[in-house]
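Here are the chains, one letter per residue:
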Amino acid sequence: MNKPTVVIMVVVLLSGLAGGYGFSSLQQRQEVQSTVVAPAQKKPAFYRNPMNPAITSPVPAKDEMGMDYIPVYADGEGDRSQVAGTVAIDPVTVQNIGVRTVRVTEQVLAKTLRTVGRITYDEERVARLHPKVEGWVEKMFVDKTGEHVKSGDMLLAVYSPQLVSSAEEYVLALNSYDTLKNNPFPDIREGAKRLMQSARQRLELLDLPVHQLRDIERTRKVARALHIHTPVDGTIMNIGVREGSRITPDTELYMVADLSRIWVLVDIYEDDIPWVRVGDMAEMNVAAVAGRSYRGRVNYIYPYLDARTRTVKVRLEFDNADLALKPDMFANITLYADHKEHAVVVPAEAIVRTGTGSQVFLVRAPGKFEPREVTTGIASGGMVQILSGLEPGDEVVASSQFLIDSESKLKEATAKMLEPVAPAPDAGMDMGDVQLDDPGHSGMSMEMPAGQAQAPALKQHSMDSDMNMDGMQMGGGK
């Protein structure tokens, strides 16, 4: 084999190798390009009229002017069933705008009413002492307002002629019974006994103390003064007499109040009354006892309204064992009305007020937030009750939700614009429906395609009419 032949064979072999390598590289590039481009080539969801977005078509089409419909693609996530307004935010943006989420919880909740109350006596623990006989004050053992007394303590001594007379009758009855109690005739014995019992009962009804009755029975002597004792533990709130004063049954000798429990009267506006119930919890703070809170309950709602203030009085009851609370003090009252044991609640800042209702943003996935309409109930302590729309354990946005709300509203509006509308069955022009006023066009009419705005069509009709009128004028001028 000669040398030129060998050279030719080498050249042909190198050419073949180069061609094969180039064909293989081209095929690999085409495969890579098809792999990268294919996922990006999405199928349009529908096609929209370029001049009127309300007109759509499921297949490619042209409008009256010959312009191609614009393809509209589905959302990048491909989930057309998701709630309109759902927002997807990347984690970096979520962190930058300070999105904070909280769990929906179940807890005790009550409506909070704040008002001012006035401390007063517990009327069931107040004793007003009046004598049952006429007489004069002989001696006062408690003569200062504000003194604390215990049940049975002696307050004063009163001289009463009526009481002395009754006591002397009791002494006579005792002596008569001692004489006749061994009489052989039963009627006489029973008569003496009944007389003694009647005289003793009269003295008891006139409030003669038991110790004085026993003194009379032991000594058979009548004491000059009647001793009056306090029937309850408490504080002397008022003294109505002094030594030497003449008294009658109308005279109030003492007013004794047990202040270990007190009442607080508050005024509640009539629109808040439906929330208040007997037994509702209340918290009280008094300026005179700084740093201390008292807990009590509603024990009565008065059955009438003050026409001048449009309020209803509500009575609260509090313990006052240390007597730190004084009558006529003012107090700041917080009423926890309409007590709910198992309330589904979220923080108040998680609620977005829309003007017609309330909504929250529910976390559907990391960085994905769905607007959710909720029905709210009572609010207390920064928490709002959710009556419907959420369940315990749901996660909602508690901060920066107004930024998310703006994006949600924008996406919702865009989604509504992109909703496909079925094309009109008859999109052609029909000149037999709308009559024109121009005599030169009598009998002509125009029918607009379904879903297309009427105003542009009428404007076009007016332009056509003007052009025809111009043509008639030009024709007449010829």
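Overview of the sheet that holds strand β11 (residues 225–229)
Moving on, step 1. Reading across the sheet, the four strands line up as β11-β10-β8-β13 and stay open at both edges, with antiparallel pairing between neighbours. If you trace the sheet from one side to the other, it starts and ends with β11 and β13 (246–247), each paired once.
Moving on, step 2. Against the sheet, helix α5 (residues 210–219) makes contact with β10 (154–159) and β11, and its axis sits at roughly 150° relative to β11, the strand it touches most.

Looking at the pattern of salt bridges
Moving on, step 1. Summed over the entire model, instances satisfying the criterion amount to 24 salt bridges.
Moving on, step 2. Among the ionic pairs, Glu 138 bridges to Arg 224, the shortest N-O distance being 3.6 Å. Residue Glu 138 is located in strand β8 (residues 135–140), and its partner Arg 224 is located in the loop between α5 and β11; the two are separated by 86 residues in the primary sequence.
Moving on, step 3. For Glu 138, a relative accessible area of 35% corresponds to the partly exposed category.
Moving on, step 4. A salt bridge links Arg 202 to Glu 169, with the nearest nitrogen and oxygen atoms 2.9 Å apart. Of the two residues, Arg 202 is situated in helix α4 (residues 186–205) and Glu 169 in helix α3 (residues 161–180); the sequence distance between them amounts to 33 residues.
Moving on, step 5. A relative accessible area of 32% means that Arg 202 is categorised as partly exposed.
Moving on, step 6. Judged by its relative accessible area of 39%, Glu 169 falls in the partly exposed class.
Moving on, step 7. Each member of the salt-bridge network shares a partner with another, and the members are Asp 122, Arg 125 and Asp 258.

A closer look at the environment of Gln 162
Moving on, step 1. Note that Gln 162 resides in helix α3.
Moving on, step 2. Setting aside anything within four residues of it in sequence, one finds Gln 162 in contact with Val 133, Glu 134 and Leu 206.

Details of the sheet that holds strand β7 (residues 126–129)
Moving on, step 1. In spatial order, the strands read β7-β14-β12-β9; together these four strands make up an open sheet with antiparallel pairing. The outermost strands of the open sheet, each flanked by one partner alone, are β7 and β9 (148–149).
Moving on, step 2. By the bridge criterion, two bridges tie β9 to strand β12 (residues 234–239) in an arrangement that is antiparallel. If you follow Val 149 over to β12, its bridge partner there is Gly 234.

Things to note about α4
Moving on, step 1. Over its 20 residues, α4 extends 28 Å from the first C-alpha to the last, a length consistent with the 28 Å expected when each residue adds 1.5 Å.
Moving on, step 2. Residues of α4 that are buried: Ala 192, Met 196, Ala 199 and Leu 203. Buried residues of α4, viewed axially, fall in a sector of 65°; they line one side. Relative to its buried face, α4 has exposed residues pointing more than 90 degrees away, namely Asp 187, Arg 194 and Leu 205.

Let's talk about α3
Moving on, step 1. Compared with the 28 Å implied by 1.5 Å per residue over 20 residues, the 29 Å span of α3 between its first and last C-alpha is a close match.
Moving on, step 2. The complete set of buried residues in α3 reads Leu 163, Val 164, Ser 166, Ala 167, Tyr 170, Val 171, Ala 173 and Leu 174.
Moving on, step 3. On the buried face of α3, the contacting elements are β10, α4, α5 and β11.

What to know about the confidence of the model for the protein chain
Moving on, step 1. Considering every residue of the protein chain, the mean pLDDT works out to 78; 72% of them sit at 70 or more.
Moving on, step 2. In the predicted structure, residues 28–40 sits below a pLDDT of 50 and forms two contacts with residues beyond four places in sequence or in another chain.
Moving on, step 3. Counting contacts from residues 427–478, a segment whose pLDDT is below 50, to residues more than four positions away or on other chains yields 44 contacts.

So, how was this worked out
- Residues numbered from 1 in each chain as written.
- Predicted model: local features only at pLDDT ≥ 70, side-chain atom pairs only at ≥ 80, totals over all residues.
- Heavy atoms only, no water.
- Pairing = 2+ DSSP bridges.
- Helix = DSSP H or I, 4+ residues; strand = E, 2+ residues; numbered from the N terminus.
- Contact = heavy atoms within 4.5 Å.
- Axes fitted to C-alpha atoms, helices over the stretch in contact; angles between N-to-C directions.
- Salt bridge = Lys/Arg side-chain N within 4 Å of Asp/Glu carboxyl O.
- Buried < 20%, exposed > 50% of the residue type's maximum accessible area, 1.4 Å probe, protein only.
- Expected span 1.5 Å × (residues − 1).
- Arc of directions from axis to C-beta.
- pLDDT = per-residue confidence, 0-100.

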